[in-house]
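Report on the structure
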Amino acid sequence: MFKFLPTAIGGSPFAAALPAALRFERSRRASVAAQPLLELVRLPPAAVLERLGVDGLGLDADEVAARRAEHGPNVLAPARRRPFLLDIARRFFINPVNVLLGILAVVSWLGDDAMGAAIMLAMVFIAVFLSYFQEARTGRAVERLRSLVSTTATVRRMPATGADGVRAPAAKVEVPIEQLVLGDVVHLAAGDMIPADLRLLAAKDLFVNQSSLSGESMPVEKFAAADAEAATLLEARNLCFMGSNVVSGSATGAVVATGARTTFGRLAGSIGGERAPTSFDEGVRRFAWLMIRFMAVMVPLVFLVNGIAKGAWIDAFMFAVAVSVGLTPEMLPMIVTINLAKGAMAMAKKNVVVKRLGAIQDFGAIDVLCTDKTGTLTRDKVILERHVDVSGEEDERVLGFAFLNSHYQTGLRNLLDVAVIERVHADRRRRLQEEYTLVDEVPFDFTRRRLSVIVRDRAGRHFLVAKGAVAEMLGICARVRVGEADVAIDDVRLAGARRLARGMNDDGFRVFALGMRDIEAKAAYSLADETDLVLTGFVAFLDPPKESAADAIRALADNGVAVKVLTGDNDVVTRNVCRQVGLRVGRCLVGPEVAAMGDAELTLAARDTQVFARLDPAQKVRVIEALRRDGHVVGFMGDGINDGPALRAADVGISVDSAVDIAKEAADIILLEKSLMVLEEGLLEGRKVFGNILKYIKMTASSNFGTMLSVLGASALLPFLPMAAVQVLLNNLLYDLSQTAVATDEVDPGYLARPRQWDMGAITRFVLCIGPVSSLFDYATFALLWFVFGANSPANAGVFQTGWFVESLLSQTLVVHVIRTGRLPFVRSRASLPLTITGVLICLAGALLPYSPLAPKFGFVALPAMYWPYLALILAAYMALTQVVKAKLIQRFGLL
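What counts and what doesn't
- Residues numbered from 1 in each chain as written.
- Predicted model: local features only at pLDDT ≥ 70, side-chain atom pairs only at ≥ 80, totals over all residues.
- Heavy atoms only, no water.
- pLDDT = per-residue confidence, 0-100.
- Helix = DSSP H or I, 4+ residues; strand = E, 2+ residues; numbered from the N terminus.
- Contact = heavy atoms within 4.5 Å.
- Phe/Tyr/Trp six-rings, centres within 6.5 Å; stacked < 30°, edge-to-face > 60°.
- Buried < 20%, exposed > 50% of the residue type's maximum accessible area, 1.4 Å probe, protein only.
- Lys NZ or Arg CZ within 6 Å of the ring centre and 35° of its normal.
- Salt bridge = Lys/Arg side-chain N within 4 Å of Asp/Glu carboxyl O.
- Expected span 1.5 Å × (residues − 1).
- Pairing = 2+ DSSP bridges.
- Axes fitted to C-alpha atoms, helices over the stretch in contact; angles between N-to-C directions.
- Core = buried A, V, L, I, M, F, W, Y, C linked by side-chain atoms within 4.5 Å.
- 1 Å grid on protein atoms, 1.4 Å probe; cavity = no way out; pocket = protein on both sides within 12 Å on 5 of 7 lines; lining within 4 Å.
- Points joined across faces, edges and corners; volume = space filled by probe spheres on them.
- Nonpolar A, V, L, I, M, F, W, Y, C, P; charged D, E, K, R; others polar.
- Arc of directions from axis to C-beta.
- Polar contact = N/O pair within 3.5 Å; in protein donor to acceptor, adjacent residues only side chain to side chain.
- Parallel < 35°, antiparallel > 145°, perpendicular 65-115°, else oblique.

1. Topic: the confidence of the model for the protein chain
Of all residues in the protein chain, 86% have pLDDT values of 70 or greater, and the mean over the chain is 82. When the elements of the protein chain are averaged for pLDDT, strand E1 (residues 14-15) gives the smallest value, 26, and strand E15 (residues 462-468) the largest, 96. Predicted confidence is poor over residues 1-35, with pLDDT under 50, and the contacts of this stretch with residues over four places away or in other chains come to 135 contacts. For residues 137-150, every residue scores under 50 in pLDDT, and the model assigns this stretch 38 contacts once sequence neighbours within four places are set aside.

The structure is reproduced here in structure tokens:
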């Protein structure tokens with residue numbers, strides 16, 4: 001038999017039909033045209049065979065070879081891998097920061113600044129290659145899909161003509177599934193997986209598990225007859241899709257799609273394709289372009305002002321290059337990687353696997369979490385939830401009768417029978433088996449839609465116990481058990497029984513009725529004995545929510561995240577699950593309604609819709625794209641292969657512990673714990689990571705912008721460069737090193753309270769407000785050096801450049817403590833110990849450099865002793881004013 005995992009359906013056309021012919025002959029073969037799959041759903045089996053150009057008796061070797069030549073083998077399309085060097089180049093050029101750093105590294109190298117060039121290239125190298133190795137695993141999803149499909153299928157084939165010219169009749173043969181072709185007739189039995197997309201030709205008691213495909217937790221009943229009522233492929237009862245599995249019964253089906261043309265193959269292609277840029281990707285890109293726009297204005301101005309004022313154009317050019325490096329957040333890739341890696345390690349301690357580092361920030365930024373139902377919010381396990389009498393009260397006798405029926409039936413036990421047996425305690429199971437022995441059974445069939453067993457008790461009395469569909473069972477019951485008495489069914493009691501069953505159905509239960517009667521002992525029993533039964537009660541089955549689902553949804557709401565359910569299951573069941581987990585359901589849309597909507601209409605409808613039911617995989621993707629178009633950062637949590645496209649379409653794809661391997665491969669984050677409460681921890685960790693990344697961006701961008709304002713004015717006013725090019729680069733490097741520990745810092749609780757996204761307007765506003773404050777105290781330092789210490793001529797340029805270098809480095813390193821928090825620094829919020837230590841060490845290094853043996857190499861000179869008290873006053877005033885401006889910004893615009 002063939003073994004592979006369940007998959008899903010997409011809904012596109014299949015490659016199938018040939019011109020009408022009862023018997024396919026190569027001489028009359030025509031090219032295959034695409035036929036909508038729903039057309040075959042509505043045709044009877046004979047017409048399906050006619051469309052396929054076969055007679056259903058079996059294909060011979062020549063026919064098989066011809067069809068395989070035209071359509072290819074029944075294998076998934078191999079993944080098209082991008083060559084290694086091309087992939088590395090794409091990762092380099094897709095990020096403007098990487099491109100800018102690469103250009104500046106080349107310019108620095110040409111300008112004899114090999115150290116600066118090496119530093120910048122190292123940053124690019126780390127960012128590009130870490131991204132490659134972290135995300136390479138996802139590229140293997142398609143290969144995993146292919147490896148899951150293996151061994152053989154049972155197919156009807158026509159043997160070759162013998163030497164005497166006589167052809168033997170068709171026979172069942174086992175063939176490798178990759179050899180299946182369109183028109184092959186496949187035989188299915190209980191336990192088999194479906195090897196290709198099939199249109200059923202005949203079926204007997206066939207139940208198929210396609211929960212991973214459709215989201216339905218219960219096995220689906222399949223028929224061979226034409227289905228004129230099916231509005232979507234998922235609703236078609238005569239289609240079996242590659243990857244679903246047979247729970248019980250048997251069937252034959254014609255292959256209507258193979259390989260990459262199956263829904264399984266289309267999903268493999270969607271999982272292996274290029275994913276859309278996420279919120280995090282777009283944010284980094286927009287920030288990079290913001291800095292490039294600053295540079296495009298400031299650097300040419302610095303170059304022209306210095307060149308015109310001083311006439312030394314070469315020196316002016318090299319200084320402008322150094323200024324451009326100073327404006328560039330060259331450590332941004334490293335800072336981002338360190339923060340994301342730290343977040344990933346923190347999540348790993350909670351048994352959460354982070355496959356794509358950027359997903360950490362996206363996790364914290366999501367404001368809408370879309371989730372599948374089956375296996376995600378629910379356990380993906382059918383349980384017997386209720387066993388009630390006709391008045392709706394729990395009744396242990398009903399459970400006992402259900403156990404006898406499920407335990408003693410001799411066919412293949414389905415999930416419902418297993419649920420009944422598991423519900424009965426082991427001691428009671430043993431007692432029931434000792435009390436009753438099996439005599440005979442009347443097997444299940446789809447006409448009666450029930451199964452009966454005949455048992456004998458210790459006293460020798462015989463009982464018939466039947467379990468089946470409510471309508472069919474009510475039709476054979478003449479009495480109803482009320483308490484200890486059996487009374488005749490009248491219209492009132494019949495209506496009450498129907499109302500009770502319908503109410504449980506409306507609550508999302510799958511309901512069966514139980515009936516029994518005393519029966520005379522005889523040699524054999526038949527359908528005629530299923531009469532005059534006593535209706536004893538009902539059993540109701542459910543796929544229950546995970547224990548942590550309700551708490552997790554409540555925690556998400558408390559943290560500003562709206563939850564929407566996207567499922568292939570029906571809306572009644574989904575509403576019931578939502579009620580159980582505390583998710584308020586206002587509006588609900590189903591798949592056909594989504595399909596009828598345009599993109600703009602769907603975007604509006606998604607705003608106030610909490611449940612989307614009866615969706616196929618493509619419709620899940622459309623809903624996610626609609627939410628993203630509306631400005632939301634969207635997460636999707638799913639566990640099935642059919643969730644693969646949605647996991648890829650979301651800003652962050654989340655898979656759960658019970659998911660199939662392919663869903664885990666397509667996801668960005670995998671929750672290995674059964675508890676969904678780790679979702680809240682992941683959200684907070686993601687917001688913390690983003691908060692620390694944003695600290696670096698705010699501090700670096702505002703400081704660099706203020707420095708450039710100072711450089712621009714000093715270049716116009718001074719007869720010498722305000723700072724040597726090598727000093728600018730050294731200043732920038734030391735400051736960036738002090739920020740490598742920002743990943744260890746804590747984030748204000750108020751910042752973690754709601755989703756955080758990239759806001760370029762807020763970043764720009766912060767830079768334009770805080771940057772000039774920095775520049776104001778730079779000019780104060782200029783005045784101090786010019787007027788107090790006489791550094792006002794080229795002969796004293798060393799004192800001026802050294803003094804500004806020290807003030808610039810210390811001010812931007814110390815002001816980190818003000819900018820890093822929305823609260824009062826040092827009093828209500830303190831930086832982490834590693835960040836404090838690195839800041840102190842960098843300040844000490846900057847203060848000692850003018851007195852060290854390295855001073856001449858960088859053009860430093862010893863500063864006057866009286867410079868330091870003045871510097872302390874400047875730094876204190878700078879930090880105080882920055883705190884005031886920051887507080888005003890927060891008061892007016894809120895936390896950034």
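2. A word on the packing of aromatic side chains
All told, the structure shown has 14 aromatic pairs when counted by the stated rule. The interplanar angle of 65° and the centroid separation of 6.1 Å between the aromatic rings of Phe-789 and Tyr-867 together place this pair among those described as edge-to-face. Of this pair, Phe-789 sits in the loop between helix H28 (760-788) and helix H29 (797-814) while Tyr-867 sits in helix H33 (residues 867-893); the two residues are 78 residues apart in sequence, bridging distant segments of the chain. For Tyr-867, a relative accessible area of 1% puts it in the buried group. The ring of Phe-766 has Lys-698 lying over it, and the distance from NZ or CZ to the ring centre is 5.2 Å. The ring centre of Phe-893 lies 3.8 Å from the NZ or CZ of Arg-765, which sits over that ring.

3. Notes on the pattern of salt bridges
Enumeration over the complete set of coordinates arrives at 31 salt bridges. Ionic pairing is found between Asp-395 and Arg-397, a salt bridge with its closest N-O pair at 3.3 Å. The partly exposed category is assigned to Arg-397, whose relative accessible area is 33%. Between Asp-507 and Arg-579 there is a salt bridge, with its nearest N and O atoms 3.5 Å apart. Taken together, the residues Asp-507 in the loop between helix H18 (491-506) and strand E18 (510-519) and Arg-579 in helix H20 (residues 571-580) connect sequence positions 72 residues apart. On the basis of relative accessible area, Arg-579 is assigned to the partly exposed category, the value being 48%. Several salt bridges converge on common partners, so that one network encompasses Glu-221, Arg-449 and Glu-472.

4. Some points on unusual backbone geometry
In this model, Arg-614 sits at a positive phi of 55°, which is unusual for a non-glycine residue. Here Arg-614 lies in the loop between strand E22 (609-613) and helix H23 (617-629). Notably, Phe-826 is not glycine yet its phi reads approximately 70°, a positive angle. Note on placement: Phe-826 falls in the loop between helix H30 (816-819) and helix H31 (833-848).

5. Points about helix H26 (residues 678-717)
Counted at 1.5 Å a residue, the expected span for H26 with its 40 residues is 58 Å, and the 58 Å between its end C-alpha atoms agrees. Burial of H26 is extensive: 34 of the 40 residues sit out of reach of the surface.

6. Considering the sheet that holds strand E21 (residues 587-590)
Taken in spatial order, the eight strands line up as E10-E25-E24-E23-E11-E20-E22-E21 in an open sheet, and their pairing is mixed. Edge positions in the sheet fall to strand E10 (352-354) and E21, since each of these pairs with one other strand and no more. Pairwise comparison of adjacent strand axes, ignoring direction, gives a mean angle of 20° for this sheet. Bridge count for strand E24 (residues 652-655) against strand E25 (residues 669-671) is two bridges, and the pairing is parallel. Paired with Ile-654 across the two strands is Ile-669, which belongs to E25. Those strands touched by H20 are strand E20 (562-566), E21 and E22, and its axis lies near 140° from that of E22.

7. So, the nonpolar core
Ranked by size, the top nonpolar core spans 130 residues in total, and within it Phe-287, Leu-671, Leu-676, Leu-679, Trp-758, Ile-763 and Phe-805 carry the most contacts. Those residues in contact with Leu-679 that sit more than four places away from it in its chain are Phe-363, Leu-369, Leu-556, Met-637, Ile-654 and Leu-671.

8. Digging into empty space enclosed by the protein
Within this structure, the stated rule accounts for six cavities of 30 Å³ or more. Here the largest cavity defines a volume of roughly 110 Å³. Lining the largest cavity are 12 residues, and of these Asn-704, Thr-707, Met-708, Val-728 and Asn-731 sit closest to its centre. At the level of elements, H26, helix H27 (725-738) and H29 are the ones that each hand at least two residues to the lining of the largest cavity. Class assignment of the residues belonging to the lining of the largest cavity gives a composition of five nonpolar, seven polar and no charged. In this structure, the second largest cavity spans a volume of roughly 50 Å³. Looking at the lining of the second largest cavity, the elements with two or more residues in it are strand E11 (368-371) and helix H19 (549-558). A total of four residues in the lining of the second largest cavity trace back to one element, the largest contributor, which is H19. Among the residues making up the lining of the second largest cavity, the classes are represented as 10 nonpolar, one polar and no charged.

9. A few points about helix H3 (residues 61-71)
If you check which residues of H3 are buried, you get Glu-63, Val-64, Ala-66, Arg-67 and His-71. Along H3, the residues classed as buried sweep out an arc of 165° about the axis, all on the same side. Of the exposed residues in H3, those oriented more than 90 degrees away from the buried face are Ala-61 and Ala-69. The backbone nitrogen of Asp-62 lies 3.2 Å from a side-chain oxygen of the residue at the head of H3, namely Asp-60. Immediately beyond the C-terminal end of H3, within one or two residues, lies Gly-72, with a positive phi of roughly 85°.

10. Topic: the pairing of strand E3 (residues 152-157)
Pairing of E3 with strand E4 (residues 171-176) involves six bridges; the strand directions are antiparallel. When the sheet's bridge partners are listed, Ala-153 is paired in E4 with Val-175. Pairing between E3 and strand E5 (residues 185-189): two bridges, direction antiparallel. Paired with Val-155 across the strands is Val-186, a residue of E5.

11. Here's the deal with the packing of H27 against H31
Their axes nearest at 8 Å, the elements H27 and H31 cross at an angle of 160°. Here H27 is positioned roughly antiparallel relative to H31, judged by the angle of their axes. Of the residues in H31, those touching H27 at Leu-734, Leu-737 and Ser-738 are Leu-835, Thr-838, Gly-839 and Ile-842. Broken down by class, the residue content of the contact of H27 with H31 amounts to four nonpolar, three polar and no charged.

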